[in-house]
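In case you want the letters, here they are:
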Amino acid sequence: MTARITDGGAPTAQDGVAREGAARIEWVRRHSPVLDGYVRRAVSDGALAGKRIAVVIHLEAKTAFLATVLAESGAQVIAAGSNPRTTSADVVAALRDRGITVVADAGGDQASWEHELRAAADLEPEYIIDDGAELTMRTAEHRPDVFGRLQGVSEETTTGTTRLRAMAAAGHLPFPALTANDARCKHLFDNKYGTGQTTLQAVLRLTNRQIAGARVVVVGYGFVGRGIAEYARAMGARTFVTEVDPVRALEAHMDGHTVGSASEVFPHGTIIVTATGGMRAIGATDIPRLRDDVVLANAGHHDLEIDVTALAHASSSIRESRPGVTSYRLGTKELHVLAGGALVNIAGGSGHPIEIMDLTFSVQGLGIHHLASSLLPAGVHVIPAQVDDSIARAKLASYGVRLDGVRDDQRDDHTTRIERSTPA
Amino acid sequence: MSTATGNAEHVGQDRIDWASRSMPVLSTVAKRLADGGALVGKTVGISLVLEPKTANLALALRDAGANLRVHCWSSSTDDEVADALRAQGIAVFARRDADAAENLALAREFLDYDLDIIADDGADIIRLAHKEFPDLVKRLIGASEETTSGVRPLQMMHNDGALRLPVIAVNDAAAKYLFDNIYGTGQSCVMAFLDISNLQLAGRHVGVVGYGWVGMGVARHAAALGARVVVSEVDPVKALRAAHDGYEVASLTESADRTEVVFACTGIAGSVTAEHVERLPEGANLCTAGGGSFELPMDYLAGLGTARSVRRAVTAYTNKAGRTVHVIADGDCVNCSAGEGNPIEVMDLSLSLQALAINRLAVEALNWPPGLYPVSEELEHDVARIRLQHLGASLEPVTDDLRAAMRSW
């Protein structure tokens, strides 16, 4: 039974903030059956007891619940933010309330964030759950001694994985690292369903526009692009895709989207969403092809997928036409960029759905547990398939879904068949 | 979404301007109304959801020469927009923080004036005028009604001989209900629930209670995001339609125990009952799409004595079975009370019809007997044609051969 959160006599303002944070973390717990059940049991076997684990992910309620589960398994958790703009004050207060060390505060900037990450390194973590390898890289620079003693890193993103692989290739990775993004329970769900749903949510909320009848161009047809294109079409949009990879472009075509070069599809777009993970997916040369009143949003990692610098350079005036909407005037046209070109679902929305992060953070929690309980060699590793499968099984069980195993008589034993049909 | 750079009034005006860019039909209609001059000197009272789109309707009517008064209930009031309208010199009777008594006082103050025409949403104001302002009702040329929830009681009033005004049922125009209710309310209610809850729809069991136009829209948008939709409906033809649209159809009593999100889309009081709430699984969510909290058993829920706020716009109750039930936005229509209402493009259609209906009342209705009147087909076609033109779509021309074929028998 949940405590009545409005109870309590004459609380201080700080108590109120912490209570608000605790209520939001409780809402996350309620919708995170895997992390709260299967993972909680698995990591409570003593393997994490006394281990110093730094959690460096967008510091909001979902991350706070992961930190709480790890702390309750006996770990000493150090929480820091992975982006100065996404740290939530009430969540920070609630975590401190429950005795977790938090080195981040809301309302910071790039400089204070750098300072926070160095403070996290100074607390000498043995394990890091990292986002973009931000703390791992800074620990190497700021505290090489701590870096040398690191026991393992579990990395959240593709960008961070690339950085870790580069460090390993250069011979500078003296510990094992796991790439959560390569787990199927992460990228098949988080990128497609999570980013897909919340990107559309944020675009519609920031603009108050309608999806039915809109012409949506998706730049990049990876997992994120697929999710956005699929949901947009299902809600009544006409969808266009531009992609440089021929196999993905073919897939988009067969999925029923209109595929073409950027110069062909951009002029159609009333909403254009970038999802390439690269830079300048909408660059200086594309700007003349955009229609008046187009809404530009980014769902990829880089703040520069929409080249806002080039856009500013080409514009005669720039104004905030509505909260979260920056309008660039180019001649007779006006183009609108959402959330300054930053990840629109995080900077302009409420981040991923909780159920999706239940999967992603289960990968992270079990990843750290795997690092602490196995003797992995230095280098970049993928979480074992059976751990990945166990998360999906637990999620299915929470839905009440049962699975069959494969019976012996259902196996296609082609070696036997070939032996039978091939004359000796 | 809190990157506001100026004061509330300034942000409100920015948002009104933003909406205006996507309302080409209203701006075309506004020019016609101003040229026609029928509204000059008329006092028009608008009681619609008070947000940036309706603000544009108010400004269009003002620019056509009308004297404007604007009212809205607290749960659908956007203070930024209210302040922006006040700054433009319009009398606004609405406050987001008004309690029940203040709400009623504001409505009475709004009506205590020589109004000529009223635009209503839910028929609340028309009913209040009939009860408490008989002289005003005598004076009024007529009213327009925006929603299904309002047209139904007005029809009942008329059947009982109690309606003393001509009312144009804007809601019943195909250019309204086929778009506003399906695409507008459908999209915005589903998205508002997701914004409030931070949850996911993919794989979730969603119960849509009532398969009218709003229910159809909610079902479509929820299914598009991966929900498993079960439709409950009392009308067998509508239920059959839901089955043909690919949804499971079952009574809420049967399906409640697996329904994780309930969208009440009926506009009828008591559509979701205490018995239904007792059957819901742990943590289920209740919202209203389109109508109001009267569709949910709010008295029963309040009587449980277990209400607690767990998150912005989320109240948890513990039912008699000991399970938690979350009520979103106090059961008020979720898209208006916790979101920004319908998308702009669809309200461009509905509010253009409103403007044309108000103008028609001023031009023609002086001697109309009480009753419900449709928006003329001609006005509907006008609205659709302007919108299509803006979309760059072209219409198939009606050739002489086609015309002859259509008339043949």
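Residues numbered from 1 in each chain as written. Chains lettered and ligands numbered in written order. Predicted model: local features only at pLDDT ≥ 70, side-chain atom pairs only at ≥ 80, totals over all residues. Heavy atoms only, no water.

Enquirer: Help me get a handle on the sheet that holds strand β13 (residues 314-318) of chain B, residues and values and all.
Expert: All names here are of chain B. Ordered in space as β9-β8-β7-β10-β11-β14-β13-β12, the 8 strands form an open sheet in which the pairing is mixed. The open sheet has two edge strands, β9 (248-249) and β12 (308-311), and neither has a second partner. Where strand β7 (residues 205-209) lies against strand β8 (residues 228-232), 5 bridges are found, and the strand directions are parallel. For glycine 207, the partnering residue across the bridge sits in β8 and is valine 230. The sheet contacts of helix α9 (residues 174-197) involve β10 (261-264), β11 (284-288), β12, β13 and β14 (324-328), and relative to β10 the element is tilted by about 140°. (Pairing = 2+ DSSP bridges. Helix = DSSP H or I, 4+ residues; strand = E, 2+ residues; numbered from the N terminus. Contact = heavy atoms within 4.5 Å. Axes fitted to C-alpha atoms, helices over the stretch in contact; angles between N-to-C directions.)

Enquirer: Please set out the confidence of the model for chain B residue by residue, giving values where relevant.
Expert: Residues and elements named next belong to chain B. When pLDDT is averaged along chain B, the result is 93, and 98% of the positions lie at 70 or above. For residues 1-6, every residue scores under 50 in pLDDT, and the model assigns this stretch 9 contacts once sequence neighbours within four places are set aside. Both confidence scores are given for the complex: pTM 0.85, ipTM 0.82. (pLDDT = per-residue confidence, 0-100.)

Enquirer: Can you break down the side chain of B:Asn285 residue by residue, with the values?
Expert: Along the chain, B:Asn285 turns up in strand β11. The contacts of B:Asn285, once residues within four sequence positions are left out, are A:Trp27, B:Phe193, B:Leu199, B:Glu260, B:Val261, B:Val262, B:His326 and B:Ile328.

Enquirer: I'd love a proper account of the packing of helix α3 (residues 61-72) of chain A against helix α15 (residues 354-373) of chain A, names of residues and values included.
Expert: Residues and elements named next belong to chain A. Their axes nearest at 10 Å, the elements α3 and α15 cross at an angle of 40°. As α3 packs across α15, the resulting crossing turns out to be right-handed. On the side of α3, the interface is formed by Lys62, Thr63, Leu66 and Leu70, while α15 contributes Ile354, Met357, Phe361, Gln364 and Gly365. Grouping the constituent residues of the contact of α3 with α15 by class yields 5 nonpolar, 3 polar and 1 charged. (Left-handed = near helix turned anticlockwise from the far one by under 90°. Nonpolar A, V, L, I, M, F, W, Y, C, P; charged D, E, K, R; others polar.)

Enquirer: Which residues make up the packing of aromatic side chains, and what values do they have?
Expert: A complete count under the given rule lists 8 aromatic pairs over all chains for this structure. Relative to B:Trp213, the ring of B:Tyr177 lies with its centre 4.9 Å away and its plane at 25°, an arrangement referred to as stacked. Of this pair, B:Tyr177 sits in helix α9 while B:Trp213 is found in helix α10 (residues 213-224), placing the two residues 36 residues apart along the sequence. The side chain of A:Arg226 reaches across the aromatic face of A:Phe223, ending 4.7 Å from its centre. (Phe/Tyr/Trp six-rings, centres within 6.5 Å; stacked < 30°, edge-to-face > 60°. Lys NZ or Arg CZ within 6 Å of the ring centre and 35° of its normal.)

Enquirer: Residue-level account of the interface of chain A and chain B, with values.
Expert: Contact with chain A, which involves 47 residues of that partner, is made by 48 residues of chain B. Ranking the residues of chain A by area buried against chain B places A:Trp27, A:Asn208 and A:Gln210 at the top, with a combined share of 18%. At the junction of chain A and chain B, the tally comes to 7 salt bridges. Its salt-bridge partner being B:Asp195, residue A:Arg205 comes within 3.9 Å of it at the nearest N-O pair. Between the two partners, chain A and chain B, sit 24 residue pairs in polar contact (both at pLDDT 80 or more). For the side of chain A that touches chain B, the elements supplying multiple residues, two or more each, are α1 (13-30), α9 (184-207), α10 (223-234), β12 (317-322), β13 (325-330), β14 (333-338) and α15 of chain A. In terms of residue class, the side of chain A that touches chain B is built from 19 nonpolar, 14 polar and 14 charged. (Buried area = accessible area lost by both parts, 1.4 Å probe. Salt bridge = Lys/Arg side-chain N within 4 Å of Asp/Glu carboxyl O. Polar contact = N/O pair within 3.5 Å; in protein donor to acceptor, adjacent residues only side chain to side chain.)

Enquirer: Provide a residue-level description of the pattern of salt bridges, including the pertinent values.
Expert: Tallied over the entire structure, the rule returns 53 salt bridges over all chains. Residue B:Arg15 is joined to B:Asp78 by a salt bridge in which the shortest nitrogen-to-oxygen separation is 2.5 Å. Highlighted residues: B:Arg15 in helix α1 (residues 8-21) and B:Asp78 in the loop between β2 (67-71) and α4 (79-87), separated in sequence by 63 residues. In this structure B:Arg15 comes out as buried when scored by relative accessible area, which is 7%. When the shortest N-O distance is used, the salt bridge between B:Asp382 and B:Arg32 registers 2.7 Å. Taken as a pair, B:Asp382 in helix α17 (residues 377-391) and B:Arg32 in helix α2 (residues 24-36) lie far apart in primary sequence, 350 residues in all. By relative accessible area, which is 39% here, B:Arg32 ends up partly exposed. One network of salt bridges, in which partners are shared, links A:Arg209, A:Asp292, A:Asp293, A:Arg319, A:Arg329, A:Glu334 and B:Arg21. (Buried < 20%, exposed > 50% of the residue type's maximum accessible area, 1.4 Å probe, protein only.)

Enquirer: Can you break down α2(B) residue by residue, with the values?
Expert: Residue and element names in this part refer to chain B. Here α2 spans 19 Å end to end across 13 residues, near enough to the 18 Å set by a 1.5 Å rise per residue. Of all the positions in α2, only Pro24, Val25, Leu26, Val29, Ala30 and Leu33 are classed as buried. Contacts from the buried residues of α2 go to α3 (52-63), α16 (344-364) and α17. Looking one or two residues past α2, glycine 37 carries a phi angle of roughly 75°, positive in sign. (Expected span 1.5 Å × (residues − 1).)

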